[in-house]
Amino acid sequence: MIGYIRGILDSRYEDRVLVENGGIGYEVFVPGAELEHMPHTGEEVKLYTYLHVREDLMQLYGFLTRDACDFFKLLITVSGVGPKGALAILSTMDVDSLRFAILAADAKAISRAPGIGKKMAEKIILELRDKCDADDFLAAESGDTIGAKDRVSGKDVSSDSSKDAIEALVALGYSSTDATRAVRSVLALDSSTDTEAILKQALKVI
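Residues numbered from 1 in each chain as written. Predicted model: local features only at pLDDT ≥ 70, side-chain atom pairs only at ≥ 80, totals over all residues. Heavy atoms only, no water.

(A) View of the overall build of the chain. What the chain contains, in helices and strands, is eleven helices and five strands. Burial status across the chain gives 42% buried among its 206 residues. Counted over contacts in the chain with a minimum sequence separation of 6, partners at least 24 positions apart contribute 53%. For the chain, the exposed area adds up to about 11000 Å²; of that, 49% sits on carbon and sulfur atoms. (Helix = DSSP H or I, 4+ residues; strand = E, 2+ residues; numbered from the N terminus. Buried < 20%, exposed > 50% of the residue type's maximum accessible area, 1.4 Å probe, protein only. Contact = heavy atoms within 4.5 Å. Areas by Shrake-Rupley, 256 points an atom, 1.4 Å probe, with all protein chains shown as cover.)

Okay, structure coming up:
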């Protein structure tokens, strides 16, 4: 298994890059969204990788962060997704947005990826929702791992008031993902459990 590759970015294409290391050029498939954050050709790059092996094929997939690589591996555990499907999803949305889409059961957002229909998006949500730790993600997003997690404890989007606030935001035209993200942000900073109060604060951050 190749955990990561560090080398010189030789060239880039629509869905992959060529990284030179030790005189060998490694073809690495990467999400389109991450191509924008790649260094210039001729500069050093480090990619966390996953090696996909079939009887007739070996392909290397790479990501700029370990989190993206780990989530890619999680996606391909869903039957029917496969590396190409997982890459298509991560090319359409970043890991943070995907995690929130799963937590918010936003199949519409996930199904925007080429080759991923509504049923497959719903399957991804069903199989991965319990594997997405919303509190840990929220803590990391706020930059205060301990404090944020303590504040969120006991208050999440499963409560009636939070659900009502999310439904109200969706009714106003916001996506389930954006609504859930906003409500979680409010819960991390405010002890209020009143639907109206949560909604007012969520509208300020959405």
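Back to the write-up after that little detour.
(B) Just the sheet that holds strand 3 (residues 24-29), in detail. Taking strand neighbours around the barrel as the criterion, the five strands line up as 1-2-3-5-4 in a closed arrangement whose pairing is mixed. Adjacent strand axes in the sheet meet at a mean angle of 55° when their direction is disregarded. Judged from the seven bridges that link them, strand 4 (residues 44-54) and strand 5 (residues 57-63) form a sheet pairing that is antiparallel. Across the sheet, the residue bridging to Thr49 is Gly62, located in strand 5. Contacts from helix 2 (residues 66-75) reach strand 4 and strand 5, with the element oriented near 10° to strand 4. Where helix 3 (residues 82-92) meets the sheet, its contacts fall on strand 3, strand 4 and strand 5, and the angle it forms with strand 5 comes to roughly 20°. (Pairing = 2+ DSSP bridges. Axes fitted to C-alpha atoms, helices over the stretch in contact; angles between N-to-C directions.)

(C) Region of interest: the pairing of strand 4. Relative to strand 4, strand 1 (residues 4-12) runs antiparallel, the two sharing five bridges. Paired with Gly7 across the strands is Val45, a residue of strand 4. Counting the residues between successive antiparallel strands, the hairpin from strand 4 to strand 5 contains two residues.

(D) How the structure looks around unusual backbone geometry. Residue Ala105 is not a glycine yet carries a positive backbone phi of 55°. Along the chain, Ala105 falls in the loop between helix 4 (95-103) and helix 5 (107-110). On the basis of relative accessible area, Ala105 is assigned to the partly exposed category, the value being 38%.

(E) Highlighting the packing of helix 2 against helix 3. At a minimum axis distance of 9 Å, the contact between helix 2 and helix 3 shows a crossing angle of 130°. Taken together, the axis directions place helix 2 and helix 3 in an arrangement best described as oblique. Crossing angle aside, the handedness with which helix 2 passes helix 3 is right-handed. From helix 2, Ala68, Phe72 and Leu75 reach across to helix 3, where they touch Pro83, Ala86, Leu87, Ile89 and Leu90. When the residues that make up the contact of helix 2 with helix 3 are grouped by side-chain class, the tally is eight nonpolar, no polar and no charged. (Parallel < 35°, antiparallel > 145°, perpendicular 65-115°, else oblique. Left-handed = near helix turned anticlockwise from the far one by under 90°. Nonpolar A, V, L, I, M, F, W, Y, C, P; charged D, E, K, R; others polar.)

(F) Representation of the pattern of salt bridges within the structure. This structure, assessed with the given rule, holds six salt bridges. Between Arg16 and Glu27 there is a salt bridge, with its nearest N and O atoms 2.8 Å apart. A residue pair is termed long-range when its members are at least 10 positions apart, and Arg16 in strand 2 (residues 16-21) and Glu27 in strand 3 qualify at eleven residues. In this structure, Asp96 engages Arg99 in a salt bridge whose closest nitrogen and oxygen atoms are separated by 3.7 Å. Placement of the pair is Asp96 and Arg99 together in helix 4, with a separation of three residues, close to one helical turn. Of the residues examined, Asp96 reaches a relative accessible area of 32% and is grouped as partly exposed. Salt bridges sharing partners connect three or more residues here, namely Asp15, Arg16 and Glu27. (Salt bridge = Lys/Arg side-chain N within 4 Å of Asp/Glu carboxyl O.)

(G) Up close: the packing of helix 4 against helix 10 (residues 176-189). The contact between helix 4 and helix 10 brings their axes to 8 Å, and the two run at 95°. On the basis of the axis angle, helix 4 is roughly perpendicular to helix 10. Residues Asp96, Ser97, Phe100 and Ala101 of helix 4 form the contact with helix 10, whose participating residues are Thr177, Thr180, Arg181 and Arg184. Among the residues forming the contact of helix 4 with helix 10, the class breakdown is two nonpolar, three polar and three charged.

(H) Looking closely at the nonpolar core. If you look at the biggest cluster of nonpolar residues, it comprises 34 residues, and the most contacted ones within it are Leu75, Ile89, Leu98, Ile110 and Ile124. Contributing elements (two or more residues each) for this core: strand 4, strand 5, helix 2, helix 3, helix 4, helix 5 and helix 6 (118-128). When residues no more than four places from it in sequence are discounted, the contact partners of Ile89 are Leu75, Leu98, Ile110, Ala113, Ile116 and Ile124. (Core = buried A, V, L, I, M, F, W, Y, C linked by side-chain atoms within 4.5 Å.)

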